[in-house]
Amino acid sequence: AQSVTQLDSQVPVFEEAPVELRCNYSSSVSVYLFWYVQYPNQGLQLLLKYLSGSTLVKGINGFEAEFNKSQTSFHLRKPSVHISDTAEYFCAVSDNWSGGGADGLTFGKGTHLIIQP
Amino acid sequence: NAGVMQNPRHLVRRRGQEARLRCSPMKGHSHVYWYRQLPEEGLKFMVYLQKENIIDESGMPKERFSAEFPKEGPSILRIQQVVRGDSAAYFCASSPERGAPLRHFGPGTRLTVL
């Protein structure tokens with residue numbers, strides 16, 4: 001069984017400041033890792049993904065995340081945030097091969113990023 | 001290339017009525033997943049379907065909820081005799097093959113039960 005923990009339910013940050021949203025996972029197998037963003041009253045949009053290769057992954061809108069296998073973390077970062085980054089951010093983990101369990105994609109509870117002017 | 005389409009985007013029902021939510025996957029995708037998002041919660045898996053088959057419905061409530069993905073037409077999530085606790089956002093995602101880790105999500109249907 002796999003699980004995802006997003007330690008912070010809310011993160012307030014001033015505009016143009018850096019931000020880090022934390023994500024830790026547990027899984028007994030190799031994983032794929034994702035960050036999704038959900039703007040108010042909209043669906044989920046893929047921000048970035050780690051499937052294999054370089055552990056530093058760059059996504060859209062200036063976000064990046066680093067896969068740390070030893071710490072089982074996949075924290076999301078942005079060096080300078082903008083008001084438009086205000087949204088809910090979800091970390092998700094998927095088994096390399098979901099095998100018997102058809103879905104295999106587990107979401108964290110989300111972190112609400114609040115950008116203050 | 002149109003993405004995943006869901007309709008309606010907003011649905012209001014009174015207790016006891018039926019709710020039908022539709023999902024059209026991306027072109028070329030034959031695998032559909034339904035998720036429910038309750039307030040202040042992440043997405044919870046409900047059901048995984050392939051054309052004409054339910055592959056995994058382990059996340060579906062045992063009563064009142066059903067899903068189908070016919071050979072022609074969209075996937076339908078049906079909730080009979082809705083209750084206030086069914087109020088949530090329901091998201092559909094699609095993928096091109098079984099077990100594919102990358103899924104494309106639709107914009108969701110926000111169900112409000114009065």
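Numbers given to residues run from 1 along each chain, matching the order in which its sequence is written. Whichever chain is written first becomes A and whichever ligand is written first becomes 1, with later ones labelled in order. Only residues with pLDDT of 70 or above have their local features reported here, since the model is predicted, and side-chain atom pairs are shown and tallied only from 80 upward, although totals for entire chains, interfaces and linings are computed over all residues. Here the side-chain values reflect all heavy atoms present in the structure, with hydrogen atoms and water set aside.

Here's the deal with the overall build of chain A
Alright, step 1. Helix and strand definitions follow DSSP, with helices as H or I runs of at least four residues and strands as E runs of at least two, each counted in order from the N terminus. Within chain A, the regular secondary structure consists of zero helices and 12 strands.
Alright, step 2. Atoms counted for the radius of gyration: C-alpha only. Globule rule: 2.2 Å times the number of residues to the power 0.38. Scaling as 2.2 N^0.38, a compact globule of 117 residues should have a C-alpha radius of gyration of about 13 Å, and chain A matches this with 14 Å.
Alright, step 3. Along the three orthogonal principal directions, the C-alpha set of chain A runs to about 45 × 30 × 20 Å.
Alright, step 4. Surface accessibility of chain A: about 5500 Å² in total, with carbon and sulfur atoms responsible for 51%.
Alright, step 5. Computed over 7 positive and 10 negative side-chain charges, the separation of the two mean positions in chain A equals 5 Å. Where accessible areas are quoted, they stem from the Shrake-Rupley method and a 1.4 Å probe; at the residue level, only the protein chains shown are allowed to cover. Positive charge is attributed to Lys and Arg, negative charge to Asp and Glu, and no charge count is given to His or to the chain ends. Charge placement uses NZ in Lys and CZ in Arg. For Asp and Glu, CG and CD serve respectively.

Focus: the pattern of salt bridges
All names here are of chain A.
Alright, step 1. Any Lys or Arg side-chain nitrogen located within 4 Å of an Asp or Glu carboxyl oxygen qualifies as a salt bridge. Applying the stated criterion across every chain yields a total of eight salt bridges over all chains.
Alright, step 2. For Asp8, the salt bridge is made with Arg22, and the minimal N-O distance between the two is 3.0 Å. With Asp8 in the loop between strand S1 (3–5) and strand S2 (10–14) and Arg22 in the loop between strand S3 (19–21) and strand S4 (24–26), this pair connects stretches of sequence that are 14 residues apart.
Alright, step 3. When accessible area is computed with a 1.4 Å probe and restricted to protein chains, residues below 20% of their type maximum are described as buried, those above 50% as exposed, and intermediate ones as partly exposed. Residue Arg22 is classed as partly exposed on the basis of its relative accessible area, which comes to 31%.
Alright, step 4. Between Arg77 and Glu66 there is a salt bridge; the shortest N-O distance is 3.7 Å. With Arg77 in strand S9 (residues 73–78) and Glu66 in strand S8 (residues 64–68), this pair connects stretches of sequence that are 11 residues apart.
Alright, step 5. Assessed through its relative accessible area of 28%, Arg77 is described here as partly exposed.

A few points about the environment of Ser66(B)
All names here are of chain B.
Alright, step 1. Locating Ser66 in the fold gives a position in strand S7 (residues 65–68).
Alright, step 2. Overall, the relative accessible area of 30% leaves Ser66 in the partly exposed class.
Alright, step 3. Between the alpha carbons of Ser66 and Gln80 there is a distance of 8.5 Å; along the sequence they are 14 residues apart.
Alright, step 4. By definition in these notes, contact holds between two residues if any of their heavy atoms fall within 4.5 Å. Residue contacts for Ser66: discarding those within four places in its chain leaves Met60, Ile76, Leu77 and Arg78.

Notes on the interface of chain B and chain A
Alright, step 1. Each partner contributes residues to the interface: chain B has 21 residues there, and chain A has 23 residues.
Alright, step 2. Simply put, the buried area is the total loss of 1.4 Å probe accessible area from both parts when two parts are fitted together. Across the chain B to chain A interface the summed buried area is about 1800 Å²; carbon plus sulfur atoms make up 57%.
Alright, step 3. The interface formed by chain B and chain A contains zero salt bridges.
Alright, step 4. Whenever a nitrogen or oxygen atom comes within 3.5 Å of another N or O atom, the pair is scored as a polar contact, on the condition that within protein one atom can donate a hydrogen and the other can accept it, and that pairs from neighbouring residues in sequence are kept only if both atoms are in side chains. Linking chain B to chain A there are three residue pairs in polar contact (both at pLDDT 80 or more).
Alright, step 5. Where the side of chain B that touches chain A is concerned, the elements lending two or more residues are strand S4 (31–37), strand S5 (43–50) and strand S6 (53–56) of chain B.

Describing the side chain of His29(B)
Residue and element names in this part refer to chain B.
Alright, step 1. On the secondary structure map, His29 appears in the loop between strand S3 (19–24) and S4.
Alright, step 2. Engagement of the side chain of His29 in a polar contact is seen with the backbone nitrogen of Ser95, the distance being 3.4 Å.
Alright, step 3. With near-sequence residues (within four places) excluded, His29 lies in contact with Ser94, Ser95, Pro96 and His104.

Remarks on the pairing of S3(B)
Residue and element names in this part refer to chain B.
Alright, step 1. Of the two faces of S3, the one lined by Ala19, Leu21 and Cys23 is fully buried and the one lined by Arg20, Arg22 and Ser24 carries no buried residue.
Alright, step 2. Here, any two strands with at least 2 DSSP bridges between them count as paired. Pairing geometry for strand S1 (residues 5–7) and S3, over three bridges, is antiparallel. Bridged to Met5 within S3 is Ser24.
Alright, step 3. Two strands pair when backbone bridges link them, and S3 and strand S8 (residues 75–79) are joined in this way by five bridges, in the antiparallel orientation.

Focus: the pairing of strand S11 (residues 109–113) of chain B
Residues and elements named next belong to chain B.
Alright, step 1. Counting buried positions over the five residues of S11 gives four, a clear majority of the element.
Alright, step 2. Relative to S11, strand S2 (residues 10–13) runs parallel, the two sharing four bridges. Bridge assignment links Leu11 to a residue of S11, and that residue is Leu111.
Alright, step 3. In this sheet, S11 lies alongside strand S9 (residues 88–95) in antiparallel orientation, the contact comprising three bridges. Within S11, the position partnered with Ala89 by the bridge is Arg110.

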